[in-house]
Amino acid sequence: MTQSVVVQVGQCGNQVGCRFWDLALREHAAVNKKGIYDEALSSFFRNALLIDMEEGVVNEILQGPLREVFDSKQLITDVSGSGNNWAVGHKQYGNQYREHIVEKLRRTAEHCDCLQCFFVIHSMGGGTGSGLGTFVLNVLEDEFPEVYRFVTSVYPSGEDDVITSPYNSVLAMKELNEHADCVLPIENESLFSIVSKIHQMTNSGKLGSTVKQNSLLTLSAGRIKTEQEKPFDAMNNIVANLLLNLTSSARFEGSLNMDLNEVSMNLVPFPRLHYLVSSLTPLYTLADVNVPSRRLDQMFSDAFSKDHQLIQADPKHSLYLACALLVRGNVQVSDLRRNIERLKPSLHFVSWNQEGWKTGLCSVPPVGHSHSLLALANNTCVKPTFIELKDRFMKLYKKKAHLHHYLHVDGMEQSCFSEAISSLSDLIEEYSQLDATKGVPRTDPSRLKIAV
Amino acid sequence: MSIVTVQLGQCGNQIGYEVFNAICRDFHSTHGLCSKKENESYQAASKERFFSEEETGVPVARAVLVDMEPKVISQTLSRAARSGLWKYDHQSHFCQKQGSGNNWANGYSVHGPRYRDVIMNLVQKEAEKCDRLSGFFTVMSMAGGTGSGMGTFVTQCLRDAFPTSFILNQVIWPYGTGEVIVQNYNSVLTLSHLYQSSDALLVHENDAIHKICAQLMNIKKISFGDVNQVIAHQLGSVFQPTYASEGASQYSRSPLGDLMESLVPHPEFKMLGLRNIPQMSENSLAYSTFTWPGLIKHLRQMLIANATMEEGINWQVRPPLPGHPVPQKASPNKAQHFNTSIANLVVLRGKDVQSVDLGVFREPALYTSWLNPQDAVNVWKTPRAFNKYEKSAALVSNSQFLLKLTDNIVGKAWNMFASKAYLHQYTKFGIEEEDFLDSFTTLEQVISSYASL
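Reference entry: report on the structure contained in this document. (Residues numbered from 1 in each chain as written. Chains lettered and ligands numbered in written order. Predicted model: local features only at pLDDT ≥ 70, side-chain atom pairs only at ≥ 80, totals over all residues. Heavy atoms only, no water.)

Attention shifts here to the overall build of chain A. Scanning chain A for helices and strands turns up 14 helices and 11 strands. Across the 452 residues in chain A, those meeting the buried criterion constitute 61%. Long-range pairs, those at least 24 residues apart, make up 85% of the contacts in chain A between residues at least 6 apart in sequence. Carbon and sulfur atoms form 50% of the exposed surface of chain A, whose accessible area is close to 17,600 Å². (Helix = DSSP H or I, 4+ residues; strand = E, 2+ residues; numbered from the N terminus. Buried < 20%, exposed > 50% of the residue type's maximum accessible area, 1.4 Å probe, protein only. Contact = heavy atoms within 4.5 Å. Areas by Shrake-Rupley, 256 points an atom, 1.4 Å probe, with all protein chains shown as cover.)

What follows deals with the interface of chain A and chain B. Think of interface size as the accessible area that goes away when the parts come together; that is how it is often given. Each side of the interface is counted separately: chain A has 57 residues, and chain B has 52 residues. Where chain A touches chain B, the interface holds 5 salt bridges. A salt bridge links A:Glu355 to B:Lys412; the shortest N-O distance between them is 3.1 Å. At the boundary of chain A and chain B, one finds 32 residue pairs in polar contact (both at pLDDT 80 or more). (Salt bridge = Lys/Arg side-chain N within 4 Å of Asp/Glu carboxyl O. Polar contact = N/O pair within 3.5 Å; in protein donor to acceptor, adjacent residues only side chain to side chain.)

Residues and elements named next belong to chain B. Two numbers describe how helix α4 (residues 104–129) lies on helix α5 (residues 146–161): the axes approach to 7 Å, and their chain directions differ by 45°. Between α4 and α5, the angle falls in the class oblique. The hand of the α4/α5 crossing is right-handed. Residues Trp104, Gly107, Tyr108, His111, Gly112, Pro113, Tyr115, Arg116, Ile119, Met120 and Val123 of α4 pack against Ser148, Gly149, Met150, Thr152, Phe153, Val154, Gln156, Cys157, Leu158 and Ala161 of α5. (Axes fitted to C-alpha atoms, helices over the stretch in contact; angles between N-to-C directions. Parallel < 35°, antiparallel > 145°, perpendicular 65-115°, else oblique. Left-handed = near helix turned anticlockwise from the far one by under 90°.)

A separate point is the pairing of strand β5 (residues 148–155) of chain A. A regular strand carries its side chains on alternate faces of the sheet. Residue and element names in this part refer to chain A. Across the 8 residues that make up β5, a large majority, 8, are buried. As defined by bridge partners, strand β4 (residues 115–123) adjoins β5 across 7 bridges and the pair is classed as parallel. Note on β5: the bridge partner recorded for Val120 is Val151. With helix α5 (residues 128–143) bridging β4 and the parallel β5, this β-α-β connection has right-handed handedness. Note that β5 and strand β6 (residues 182–187) share 6 bridges and pair parallel. Looking at β6, one finds that Tyr155 is bridged to Glu187. On the question of chirality, the crossover connecting β5 to the parallel β6 by way of helix α6 (residues 165–179) is right-handed. (Pairing = 2+ DSSP bridges. Right-handed = clockwise from strand over helix to strand, strands pointing away.)

Residues and elements named next belong to chain B. Strand order in the open sheet formed by 10 strands is β5-β4-β1-β6-β7-β8-β9-β12-β10-β11, and the pairing between neighbours is mixed. Strands at the two margins of the open sheet, each flanked by one partner only, are β5 (93–95) and β11 (377–382). The mean inter-strand angle of the sheet, taken between neighbouring strand axes irrespective of direction, is 20°. Here strand β10 (residues 341–350) runs beside β11; their pairing, made up of 6 bridges, is parallel. Each residue of the ladder has a partner; that of Leu348, found in β11, is Lys381.

Residue and element names in this part refer to chain A. Where burial is concerned, most of strand β1 (residues 3–9) is hidden: 7 out of the 7 residues are buried. The two faces of β1 match: Gln3, Val5, Val7 and Val9 on one face and Ser4, Val6 and Gln8 on the other face are all buried. By the bridge criterion, 6 bridges tie β1 to β4 in an arrangement that is parallel. Note that in β4 the partner of Ser4 across the bridge is Cys117. With 4 bridges joining them, β1 and strand β2 (residues 48–52) adopt parallel strand pairing.

Attention now moves to the packing of helix α6 (residues 183–197) of chain B against helix α15 (residues 433–451) of chain B. All names here are of chain B. Closest axis-to-axis distance for the α6/α15 pair is 9 Å, and the angle between their directions is 70°. The angle between α6 and α15 falls in the class roughly perpendicular. Side by side, α6 and α15 meet where Tyr185, Val188, Leu189, Leu191, Ser192, His193, Tyr195 and Gln196 of the first sit next to Phe436, Ser439, Phe440, Thr442, Leu443, Val446 and Tyr450 of the second. Here the residues of the contact of α6 with α15 are counted per class, giving 10 nonpolar, 5 polar and no charged. (Nonpolar A, V, L, I, M, F, W, Y, C, P; charged D, E, K, R; others polar.)

Okay, unusual backbone geometry next. Following A:Thr281, the chain continues into A:Pro282 via a peptide bond in cis, with omega recorded as -10°. A cis amide bond, omega -5°, links B:Ile277 with the succeeding residue B:Pro278. In this structure, B:Pro278 sits in the loop between β9 (271–277) and α10 (282–285). In the Ramachandran plot, A:Asn84 falls in the positive-phi region, its phi being about 55° despite a non-glycine side chain. Structurally, A:Asn84 can be placed in the loop between β3 (75–77) and α4 (86–110). The exposure class of A:Asn84 is partly exposed, given its relative accessible area of 38%. Backbone geometry at B:Asp352 places phi at a positive 60°, although glycine is not the residue there. Examined against the element boundaries, B:Asp352 turns out to sit in the loop between β10 and α12 (373–376). What makes B:Asp352 partly exposed here is its relative accessible area of 48%.

Written out as structure tokens, the structure reads:
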């Protein structure tokens, strides 16, 4: 069995990471009861590194129910924070803690007899997650070049209260472009609307007691919503579920396994186009034991609707480069095929990948659900997010607003900014070129001719 | 003589399990419909071919299980053991932890060479357990990374280590609308390389088997288990013991050799298709009766109209009349294209096989002119019924069955190649654009050869 190491950086990264471990342990405990895979499963999850430049969040974790899981060897903390400054996180703390970080990573890697993947969880808009998080990404590439780097990045929304979040995000983007194998972008707005939708549905009484206990996508481990739950917990649980589902096929059996190296292989046709839009369905499971096909089919349809994506994007109206469907639970290959056939006509795929579907079937559903679907799309619908980011950046940059806070950090220069925005512009251009091919009548390249 | 099976990758191991299971259940079956002596002879031959004996009396499959990750093999070994009827040799497997990531280059250039010695040792051990080795049967899919890439490498190693043994590659053609996005690349690389080292490629298409499950077996929620069981049934119906010639007193000792001799007269033409009739759910079996003329008529039309099952056959397709020229250079895309054969093998099992008249299969119009019509058709028979079917017939055909499929897959792969998508994933493991071009060239040649039959 392969192992993954989770590196959670900054406030957001640690809060999401915390939710992840909570749910992972729950999944582990549920399977454990049946007596299968106990040790192997726990070894998958023993590997975490928590990094934060202020102590508040990490301390809370260490006092909460997860204190048994982590020990001090897995932490790197400081006291003053990064002041929402990418340069402080990346250049200052990066250099200061490099040795430390490498040492702890090496130690965690030694516990793994087959390390396949690093999961980095962070936000883009702040200083630590964004700056130090991307610094760690560089370190991972230098020290462990063979190990895949999957990054879960929370992007800032337009009304973000951190004024310099566009700077931080664009500077971080350059690092993601160059050093990540796959990026799963997440936007808080999307998480928020999903949470609201679930709230609405469960409180409207329309579904009442037919909603299966413990099956809400937003639930924390083993608890129905209590007052102790913090406002971001529900949103963070969604991201945690994303990571659980992504790794499910590596941990559990199924008739068509889909490992993490397969995700990277199939969904990244060109090295820089590695941004994957994700969706998780269903948001909750109804109590029916035998799920009628219609409901199953609804799960597939929802996976492609813009309301279920974890960023503000509409994949149906943009161009697919590739798409992966990982199904868990009592779903068979015929259900998968039927739905692919059904949905295909309404989706636009790039001309050289008309049937670009990667599928996986995992027999074990998430706790409390009878089935679930994770869809990952390499789709040009990420472009608007990047364009907006660029626009917000330019608004500040043109006026040179707040630049001095960055430039006075050792190692930081104006060229860092110009290179970063240039990297982002190039990326946007690549997506635009692909978009331009959408709807253009297809002319297949002529085949090789053989002399008879 | 015995066959050693090498199960490669998830698909190969899942199918391999079903095949041994089907064979074992068949020879335990009490529906043999023949004399006790005949049945005993059949059982002994089948056992010797596929299983070795252990002191406990539980038959041990003659198989080597290979995969680059552990879950599937672990499941396969325990399922077999749980059946109580047979099992695998628990030493006879090799796995790693990481999988091949659906990357042919990873399977072929990295895992293959790295683990060649270990794997070939296991194969050698199995081969030594056989009194006489008829040859190797490898089971693999083309779409993934281990079965396809590593499977291709292993086939080459088998060829080098056992130059006089027969190698038959059982290859699974993936669903047209993806299981794996890079499946067309992986398939092209697999087919072109296997062509060099394999004696023949016996192909099963997921799409076709899926339809059989849906329409003939009436399965509502089709799982891979269902698909694999149909494939296992089809393979069993060819490779369970038979008498290979008229008046033979013993079950054939060399099924792979006989197959190659009958079907592969020329190394340019190695692609074999498999059809089977009748195919239905067990419930329906009890209520159905068949006549040999009916079965043979359907099977023949399945051959010439290239139908994959006994429903929905196009009865309009006819062989060209004698004296009329065969349509020149038939394009692979032409609908209603008559399927020209090089050679066919018909396997008949069950009641009254002696009475079966295969004249309609021997019509010269069905074949190219290279072989005598007598030599172009071979028949294997046994009065012993297979898997509860009172009468059953299987057809292994070297014909244009796979022409359109091959052309399609090469077309899609070429399309993707022209845009250079995913190439960086292959070049990082040592498969360069040139290697792709070589593969494309090989396959265009094969397509052209089959098209001009």
